[in-house]
2 protein chains.
Amino acid sequence: MASLKDVAQRAGVSVKTVSNVVNGYAYVASGTREKVELALAELDYRPNLSARNLRRGRTGVIALAVPELDAPYFAELARSVIKAAAERGWMVLIDQTDGVAARERELLQGVREQSVDGLIFSPVAIGRDDLAARTDATPLVLLGERVLDGPTDHIAVDNQSAAREMTAHLAGLGHTRIGAIGAQHRPGMGTARLRLAGYREGLAAAGLPYDEELVAPTPAYRRADGAEAMRRLLALPEPPRAVFCFNDLLALGALRTVLSQGLRVPEDVAVAGFDDIEDGRYSTPTLTTVSPDKDRVAKTAVELLDTRIDAGRRAGRGAAACREIEAPYRLLVRESTVGRAG
Amino acid sequence: MASLKDVAQRAGVSVKTVSNVVNGYAYVASGTREKVELALAELDYRPNLSARNLRRGRTGVIALAVPELDAPYFAELARSVIKAAAERGWMVLIDQTDGVAARERELLQGVREQSVDGLIFSPVAIGRDDLAARTDATPLVLLGERVLDGPTDHIAVDNQSAAREMTAHLAGLGHTRIGAIGAQHRPGMGTARLRLAGYREGLAAAGLPYDEELVAPTPAYRRADGAEAMRRLLALPEPPRAVFCFNDLLALGALRTVLSQGLRVPEDVAVAGFDDIEDGRYSTPTLTTVSPDKDRVAKTAVELLDTRIDAGRRAGRGAAACREIEAPYRLLVRESTVGRAG
DNA sequence: GTGAAAGCGCTAACAG
DNA sequence: CTGTTAGCGCTTTCAC
């Protein structure tokens, strides 16, 4: 593998000149440039990134940390993040936390500090205090969880208002017994808390009582959890006629339970989700859901990180103010709440 | 950020000694070791990975290149690969090719050479010649595509025999008009070719004629493509009563089309897929499919890469023989071909 | 057992 | 415009 020195020797110039050409420095005599470019090509020169990184103090890599890549929401998000990062010349390293608090904490404490220039992180198990106790100085952008007063950039949809709107949609269809699937008892999980709060607001706005019996907590957010929770709700003496699931996977699991019991959706039970994953656009019936603008979230996250990395490089430290950005969302009404007609 | 030198100064020893301690070198006097460990802790020392990488000539990172991360099969695979890699102390960088030949070729030509120690690659658009023309020496493991005589490690299920078995399953149910969705005209895509070959073998074994009319090519392998292809098949004068889709996403799309035309699955049309993605376990009806052992594929891929990287480090070059490994698969018969009873 | 010193390949002052 | 040179932080002979 040819080094700068080899190329310099071959072209009969100094290392610096080769470096200048490689890095597109403007003031190089065109004759010299040609010579160098020839040598570069002949030797098939490729810069040693470890050396460059060592010298420049950067890595060209950002990390994306999510609970699990095989949850469609995160897969879709990761796709967009990788794309947005590539457009800015970054490579993306993926970390999976499995929603385990210890692993999430490790990230905050800098396991990746030496390997990446920045971190985009979608936490589920940690809280505000963990964030405050952070020692690592790597630029960080949080996704999805609104950590108030947090000293951190973050971007998310307004979970609470989206949940409220969805509940209002169900109430608007005439439903009076509206269940919820996906409440979480464990700490952290701000998202679940916000969606639950929105659900309660939506009920209140429609003049409906909040009935704890209709709220099914789940251990996680996978299809199996939704299926199981729905079984519990259907076993009630007076089951709900509509359910708002806190994500689409739960909703798809719930859907499966309802249908496999010989009931119809939405005629017997209406089902709504959250995330707008592609599955829900092809399920039968198609799934009513909240659609966050994932491309926007991803793009903004990368931009925020870019800005912050730049700031860190420029100023000494802690310069740029933290930005909290709200991503847009839409309510997508599909068959699972209004049937074929709608 | 503290460097080895800082730690050495503080502990009153040489840089070498600190390095010895950090790297777990055995012959260090216990008193010295304690002093050093104290200094290490006090300064919160963390090795600079760029420097270490430069010196050691490795990065601790492997790349996983897939067409798109939001296709559930690849998301599930990526999850397993990242997990297996983490167990061996590797970080994983993800590249998305979108199935674009130029991007796939770039990878083969070493865009990531300087950034990773090895590459696990699931190609769709390139062929044997591209592989042969490879200049980059980075250890490589191919996934899913059987490139005969290729000078490359690879791991895959036996696509052809799996496809044959699935077709036999459909024929065994008494179907005589069995369609196929997902044939590909473009070069590369060995997987599609193999599955198509298996389908033909399955028909032949059942004494059924091969009818080109029943084979629907698709531009890609997403739900929308399956839905569209199914519409074409259903529009035939004599539509198939069973279809084998070359992956689960196509099958889910096809399912949607069939159901939305008021037909029943499997009574009117039986539908089978390939990949065993989680969606198919919760769709209504649940999806009959070929289930490759993805964990096994991922784990083996990482092992193969590990071995090859080691070999490259040890021997000068081209030492270890190439290994072609066949991953196990199972036929999962579910509702979409045999109904509730099965 | 430990230290001194060279050098991985690159960039960036600083000269000229 | 181009060359010389000093490190970035680490590992690793080679002495002692």
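All of these numbers come straight from a predicted model, not from anything done at the bench. (Residues numbered from 1 in each chain as written. Chains lettered and ligands numbered in written order. Predicted model: local features only at pLDDT ≥ 70, side-chain atom pairs only at ≥ 80, totals over all residues. Heavy atoms only, no water.)

1. A short note on the protein's contact with DNA strand C
Near DNA strand C there are 24 residues, and of these Leu 4, Tyr 45 and Arg 52 of chain A together with Thr 17 and Thr 32 of chain B occur at the shortest range. Counting only the atoms of DNA strand C that lie within 4 Å of the protein, the sugar and phosphate share comes to 65%. One nitrogen or oxygen atom from the main chain of Ala 29 of chain B is found 2.9 Å from a phosphate oxygen belonging to DNA strand C. In the environment of DNA strand C, a phosphate oxygen lies 2.3 Å from a nitrogen or oxygen atom belonging to the side chain of Thr 32 of chain B. Mapped onto the surface near DNA strand C, the elements with two or more residues apiece are α2 (15–22) and α4 (49–56) of chain A together with α2 (15–22) and α4 (49–56) of chain B. It is α4 of chain A that provides the largest number of residues to the surface near DNA strand C, a total of five residues. Residue composition of the surface near DNA strand C, grouped by class: 11 nonpolar, seven polar and six charged. (Near = heavy atom within 4 Å. Polar contact = N/O pair within 3.5 Å; in protein donor to acceptor, adjacent residues only side chain to side chain. Helix = DSSP H or I, 4+ residues; strand = E, 2+ residues; numbered from the N terminus. Nonpolar A, V, L, I, M, F, W, Y, C, P; charged D, E, K, R; others polar.)

2. Examining helix α10 (residues 223–234) of chain B
Compared with an ideal rise of 1.5 Å per residue, which puts 12 residues at 16 Å, α10 of chain B spans 16 Å between its outermost C-alpha atoms and is within 8% of the ideal. Among the residues of α10 of chain B, those classed as buried are Arg 223, Asp 225, Gly 226, Ala 227, Ala 229, Met 230, Leu 233 and Leu 234 of chain B. (Expected span 1.5 Å × (residues − 1). Buried < 20%, exposed > 50% of the residue type's maximum accessible area, 1.4 Å probe, protein only.)

3. Focus on the pattern of salt bridges
Following the criterion strictly, the structure yields 62 salt bridges over all chains and no others. The salt bridge partner of Arg 79 of chain B is Asp 70 of chain A, with a shortest N-O separation of 3.7 Å. Here Arg 79 of chain B, found in helix α5 (residues 72–87), pairs with Asp 70 of chain A, found in the loop between β1 (61–66) and α5 (72–87), and the two come from separate chains. Pair check on accessibility: Arg 79 of chain B and Asp 70 of chain A agree, each one buried. Between Arg 232 of chain B and Glu 228 of chain B there is a salt bridge; the shortest N-O distance is 3.6 Å. With a gap of four residues between them, Arg 232 of chain B and Glu 228 of chain B both fall in helix α10, about one helical turn apart. Judged by relative accessible area, which is 35%, Arg 232 of chain B ranks as partly exposed. (Salt bridge = Lys/Arg side-chain N within 4 Å of Asp/Glu carboxyl O.)

4. Thoughts on the interface of chain B and chain A
The partner chain A presents 52 residues to the 52 residues of chain B that form the contact. Here chain B and chain A share an interface that buries about 4300 Å² over both sides, 50% of which is from carbon and sulfur atoms. The interface formed by chain B and chain A holds 14 salt bridges in total. The partner of Asp 98 of chain A in a salt bridge is Arg 79 of chain B, and the shortest N-O contact between them spans 2.5 Å. (Contact = heavy atoms within 4.5 Å. Buried area = accessible area lost by both parts, 1.4 Å probe.)

5. Looking at the packing of helix α10 (residues 223–234) of chain A against helix α11 (residues 248–260) of chain A
Residue and element names in this part refer to chain A. For the pair α10 and α11, the least separation of the axes is 6 Å and the interaxial angle reads 50 degrees. On the basis of the axis angle, α10 is oblique to α11. Relative to α11, α10 is oriented so that their crossing is right-handed. Residues Arg 223, Asp 225, Gly 226, Ala 227, Met 230, Arg 231 and Leu 234 of α10 form the contact with α11, whose own contacting residues are Leu 249, Leu 250, Leu 252, Gly 253, Ala 254, Thr 257 and Val 258. Looking at side-chain class alone, the contact of α10 with α11 contains eight nonpolar, three polar and three charged residues. (Axes fitted to C-alpha atoms, helices over the stretch in contact; angles between N-to-C directions. Parallel < 35°, antiparallel > 145°, perpendicular 65-115°, else oblique. Left-handed = near helix turned anticlockwise from the far one by under 90°.)

6. Things to note about the environment of Gln 184 of chain A
All names here are of chain A. As for its position among the elements, Gln 184 is in the loop between β6 (178–183) and α9 (190–205). A relative accessible area of 16% places Gln 184 in the buried class. Along the primary structure Gln 184 and Pro 217 are separated by 33 residues, whereas in three dimensions their C-alpha atoms are 5.5 Å apart.

7. A few points about the UniProt feature "domain: HTH lacI-type" (unreviewed entry) in chain A
Per the UniProt record, "domain: HTH lacI-type" (unreviewed entry) is found at residues 2–56 of chain A. The span residues 2–56 of chain A is 67% helical and 0% strand by assignment, and the distance between its end C-alpha atoms comes to 20 Å. (UniProt positions renumbered as here; feature names shortened; annotations may be inferred.)

8. Side note on the relation of the copies chain B and chain A
Structural alignment of chain B on chain A gives an RMSD of 0.2 Å, achieved by rotating through 180 degrees and translating 0.1 Å along the axis. In symmetry terms, the pair is related by a two-fold rotation axis. The position closest to the rotation axis in chain B is occupied by the C-alpha of Leu 93 of chain B, lying 2.1 Å away. Mapped onto chain A, 100% of the interface residues of chain B again fall at the interface, so both copies present the same surface. (Least-squares fit on C-alpha atoms with pLDDT ≥ 70 in both.)

9. Some points on the protein's contact with DNA strand D
Around DNA strand D lies a shell of 25 residues, among which Thr 17 and Thr 32 of chain A together with Leu 4, Tyr 45 and Arg 52 of chain B are the nearest. Take Arg 55 of chain A: an N or O atom from its side chain is 2.7 Å from a base nitrogen of DNA strand D. Counting only elements with at least two residues in the surface near DNA strand D, the list comes to α2 and α4 of chain A together with α2 and α4 of chain B. Residue contributions to the surface near DNA strand D peak at five residues, all from α4 of chain B. Within the surface near DNA strand D, the residues separate by chemical class into 12 nonpolar, seven polar and six charged.

10. Some thoughts on the sheet that holds strand β7 (residues 215–217) of chain B
Residue and element names in this part refer to chain B. Read from one edge to the other, the open sheet built from four strands follows the order β7-β6-β8-β9, with strand pairing classed as parallel. Each edge of the open sheet carries a strand with a single partner, namely β7 and β9 (270–272). Between one strand and the next, the sheet's axes are offset by a mean angle of 20 degrees, whatever the strand orientation. Bridge analysis of strand β8 (residues 242–245) against β9 gives three bridges, and the strand direction is parallel. Looking across to β9, one finds that Val 243 is bridged to Val 271. Its contacts with the sheet place helix α9 (residues 190–205) against β6 (178–183), β7 and β8, and it is angled at close to 170 degrees to β6. (Pairing = 2+ DSSP bridges.)

11. Regarding the pairing of strand β3 (residues 118–121) of chain A
Residues and elements named next belong to chain A. Of the two faces of β3, the one lined by Gly 118 and Ile 120 and the one lined by Leu 119 and Phe 121 are each fully buried. Bridge count for β1 against β3 is four bridges, and the pairing is parallel. Bridge assignment links Ala 63 to a residue of β3, and that residue is Leu 119. Pairing analysis gives three bridges linking β3 to strand β4 (residues 140–143), with the strands arranged parallel. Within β4, the position partnered with Leu 119 by the bridge is Leu 140.

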